[in-house]
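What the coordinates show
So the chains spell out like this:
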Amino acid sequence: QVQLVESGGGLVQAGGSLRLSCAASGRTFSSYAMGWFRQAPGKEREFVAAISWSGGSTYYADSVKGRFTISRDNAKNTVYLQMNSLKPEDTAVYYCADASTVVAGRDEREYDYWGQGTQVTVSS
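In short, a report on the structure. (Residues numbered from 1 in each chain as written. Predicted model: local features only at pLDDT ≥ 70, side-chain atom pairs only at ≥ 80, totals over all residues. Heavy atoms only, no water.)

1. Here's the deal with the nonpolar core
Judged by nonpolar contacts, the single largest core of 35 residues is most densely connected at Trp 36, Leu 81, Met 83 and Tyr 94. Breaking this core down by element, the ones donating at least two residues are β3 (18-25), β4 (34-39), β5 (46-51), β7 (68-73), β8 (78-83), β9 (92-99) and β11 (118-123). Leu 81 has contacts with Leu 18, Arg 19, Leu 20, Trp 36, Val 48, Ala 49, Phe 68, Thr 69, Ile 70 and Tyr 94, leaving out every residue within four places of it along the chain. (Core = buried A, V, L, I, M, F, W, Y, C linked by side-chain atoms within 4.5 Å. Buried < 20%, exposed > 50% of the residue type's maximum accessible area, 1.4 Å probe, protein only. Helix = DSSP H or I, 4+ residues; strand = E, 2+ residues; numbered from the N terminus. Contact = heavy atoms within 4.5 Å.)

Okay, structure coming up:
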């Protein structure tokens, strides 16, 4: 059974930074792409970033490009999302997701497993 556990969320002022972590277990972490998505209150879940199985390719939503960085440590079975220059509109529950392929993008259908989410709140 694949499990994804996010951590690192919290309350931060606009302009601040947070680093989210997602620890994976239950299958060979290094064989699959990983992604981060978010859902703000009253809105649909949206793509944030994705990283290939090796970490060699990354892909970002336009809204976070240049501010967020996705990375992974396959030795620790963990994927990270470094979030800088946070804005109030970044407030959401952030979810990590485990893809069924070595490279994945913004389509939720590419992802097999999802974490429970971690709340990020950015105050103005």
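2. A closer look at the side chain of Thr 91
Within the secondary structure, Thr 91 is located in the loop between β8 and β9. A distance of 2.9 Å separates a polar side-chain atom of Thr 91 from the backbone oxygen of Pro 88. Only 2.9 Å separates the side chain of Thr 91 from the backbone nitrogen of Val 122, close enough to count as a polar contact. For Thr 91, the contacting residues outside a window of four places in its chain are Ala 40, Gln 119, Val 120, Thr 121 and Val 122. (Polar contact = N/O pair within 3.5 Å; in protein donor to acceptor, adjacent residues only side chain to side chain.)

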